[in-house]
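# Geometric and topological summary
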Amino acid sequence: MSALMRTSLSRLPRPTAATSKRWLNLHEYQSAAIMASHGVNVPPGIAATSVADAVAAAKELGGDEVVIKSQILAGGRGLGTFTNGFQGGVHVIDSAKTAEYAEKMIGATLVTKQSGAEGKPVNVVMVAEKMNLVNEMYFAILLDRAFGGPVVVACAEGGTSIEDLAESSPEKIIKVPIDVVAGLTDANAEAIVAGLGVSGDKEAAKKQIASLYEVFKSCDCTMVEVNPLAEDDQGTLIAADAKIGFDDNAAFRQKDIFAQRDESQEDPRDVAAEKWDLNYIGLDGSIGCMVNGAGLAMATMDIIQMHGGSPANFLDVGGSATKEQIVEAFKIITSDSNVKALLVNIFGGIMKCDVIAEGIVAGVKEVGLEIPLVVRLEGTNVELGKKIIDESGLNITSADDLDDAAKKAVAVI
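Residues numbered from 1 in each chain as written. Predicted model: local features only at pLDDT ≥ 70, side-chain atom pairs only at ≥ 80, totals over all residues. Heavy atoms only, no water.

Naming follows an unreviewed UniProt entry, where the protein appears as Succinate--CoA ligase [ADP-forming] subunit beta, mitochondrial of Aureococcus anophagefferens. Reading the Catalytic activity (unreviewed entry) entry of the UniProt record for the protein gives the comment "succinate + ATP + CoA = succinyl-CoA + ADP + phosphate". What the UniProt record of the protein gives under Sequence similarities (unreviewed entry) is the line "Belongs to the succinate/malate CoA ligase beta subunit family." (UniProt positions renumbered as here; feature names shortened; annotations may be inferred.)

Next up, the structure:
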């Protein structure tokens, strides 16, 4: 492998916040329903997609006060700001004010520390019963590569940023590795309950920890996070928040869970790329890249960077892309307004250069491409591929090799 291909990713533009999806995440109301089905105590709550639904939910819950929570796939909701100026994505309110708050939240965009500057759309709010919580803790089950299995992370202080707490008071956080063969043992549960500082019924608390681990195991989770995991005034342990991530490799046996995916929370480019079986990661540069093979794609981005440019994406069309996939790849790349030039770099082995050329010509025509396009083809049927491009009559710049292609792409920006 060349030195260029080993170049650290830290030199490349950062992936955009919206394109970092690697596994399924569900909304809080969906996660809470899954937890409840496994015996975890959760506050009564109802999802609402309209102001009328939110008002009806508050009435059904019946209390003088309710908690209204924006449902987005990003943390930091409570301290977030809506683009309409409304502050906070989570509020404890008088039930009579439900309509007032829901109107400001549903259909608006919430920006948090974790959402990216563009924020996330709030299409659903959860109206939940206000619980009298007296002791808030932090609980999570994560996959730990160093241990080679699940690890419970727990802290007697919760309800705030665990990252901040880990930095200021790391000694307060405990980590309990779980053997995947033996499962959660009684000793594991006792250590976790002790680390949480549970003041109520310890045995009941251990059962709740076991139920949370059962969610993690039986639902093929990559993460189960509860912040806060809290005790009410009766000493009952309650999952006052719920965040669950799932392993995409388990989609075939978790069909009901994966059917709940909310594509409105994802970058449309990611959704389109997945639909067409393209490997796409958005970056914040200005030169769009279409390449076949992950290694060649990395080398292409490195050489663009070396010549003073900045790649706008990683897009690998794979080794057997069709003409239709190439056209869709063009659409995905050019949907990014930051892209000022496009570089296609194909080494044809299984992938034939004439198929790529036909896709390029069709893509340029269908998209109505107005930005400069540089194409480097090499490999199987390369002469036929170049002929198709030359005879297309389109404004396409040909390159002799990768270095030449990168220089030309950088020069036209």
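Let us look at the UniProt feature "binding site: Mg(2+)" (unreviewed entry) in the protein. Those residues carrying the UniProt feature "binding site: Mg(2+)" (unreviewed entry) are N227 and D241 in this numbering. By secondary structure assignment, the location of N227 is in strand β12 (residues 221-232). Dropping the residues within four chain positions of it, N227 is found in contact with M137, Y138, G158, G159, T160 and D241. Within the secondary structure layout, D241 lies in the loop between β13 (237-239) and β14 (243-246). When its relative accessible area of 18% is taken as the criterion, D241 is described as buried. In contact with D241, not counting residues within four places along its chain, are E28, R77, E225, V226, N227 and P228. (Helix = DSSP H or I, 4+ residues; strand = E, 2+ residues; numbered from the N terminus. Contact = heavy atoms within 4.5 Å. Buried < 20%, exposed > 50% of the residue type's maximum accessible area, 1.4 Å probe, protein only.)

Bringing the sheet that holds strand β7 (residues 120-121) into the picture now. Spatial ordering of the open sheet is given by β4-β6-β7, a layout of 3 strands whose pairing is antiparallel. In the strand order of this sheet, the two ends are held by β4 (81-82) and β7, each with one partner. Pairing of strand β6 (residues 109-111) with β7, which is carried by 2 bridges, proceeds in the antiparallel orientation. In the strand pairing of β7, T109 is matched with P121. (Pairing = 2+ DSSP bridges.)

Our next topic: the environment of G75. With respect to the helices and strands, G75 occurs in the loop between β3 (65-70) and β4. Looking at G75, the relative accessible area reads 15%, which means it is buried. Distance from G75 to G318, taken between C-alpha atoms, is 34 Å for residues 243 residues apart in sequence. In this structure, G75 is in contact with T112, Q114 and K243, ignoring residues within four places of it in sequence.

Moving on, we come to unusual backbone geometry. In this model, N227 is joined to P228 through a cis peptide bond whose omega is 10°. Within the secondary structure, P228 sits in strand β12. Phi is positive for D277, close to 60°, though the residue is something other than glycine. By secondary structure assignment, the location of D277 is in the loop between α8 (268-275) and β15 (279-282).

Here we take up the side chain of H27. Position of H27 relative to the elements: it lies in the loop between β1 (24-25) and α1 (28-37). With a relative accessible area of 3%, H27 lands in the buried category. A polar side-chain atom of H27 sits 2.7 Å from a polar atom in the side chain of D262. Apart from residues lying up to four places away in sequence, H27 is in contact with Q71, I72, L73, D262 and Q265. (Polar contact = N/O pair within 3.5 Å; in protein donor to acceptor, adjacent residues only side chain to side chain.)

Below, the discussion takes up the packing of aromatic side chains. Tallied over the full model, the rule gives 4 aromatic pairs. For the pair Y213 and F216, a centre-to-centre distance of 6.2 Å together with 25° between the ring planes defines the contact as stacked. Placement of both Y213 and F216 in helix α6 (residues 202-218) is noted, with a separation of 3 residues, approximately one turn of the helix. This pair shows no difference in class: Y213 is buried, exactly as F216 is. Ring-pair connections join several aromatic residues into one group, and the members of that group are F82, F86 and Y101. (Phe/Tyr/Trp six-rings, centres within 6.5 Å; stacked < 30°, edge-to-face > 60°.)

Quick look at the sheet that holds strand β2 (residues 45-48) now. The strand order across the open sheet formed by 4 strands is β2-β8-β3-β5, and the pairing between neighbours is antiparallel. Of all the strands in the sheet, the pair left with one neighbour each is β2 and β5 (90-94). Pairwise comparison of adjacent strand axes, ignoring direction, gives a mean angle of 25° for this sheet. Where β2 and strand β8 (residues 125-129) come together, 4 bridges link them in antiparallel fashion. The residue of β8 that forms the bridge with I46 is V127. Strands β2, β3 and β8 of the sheet are contacted by helix α2 (residues 51-61), whose axis makes an angle of about 15° with β8. (Axes fitted to C-alpha atoms, helices over the stretch in contact; angles between N-to-C directions.)

Looking down a regular strand, the side chains alternate between one sheet face and the other. Most of β3 sits out of view: 5 of its 6 residues are buried. Summarising the sheet, β3 and β5 pair through 5 bridges and their orientation is antiparallel. What sits directly across from I68, in β5, is H91.

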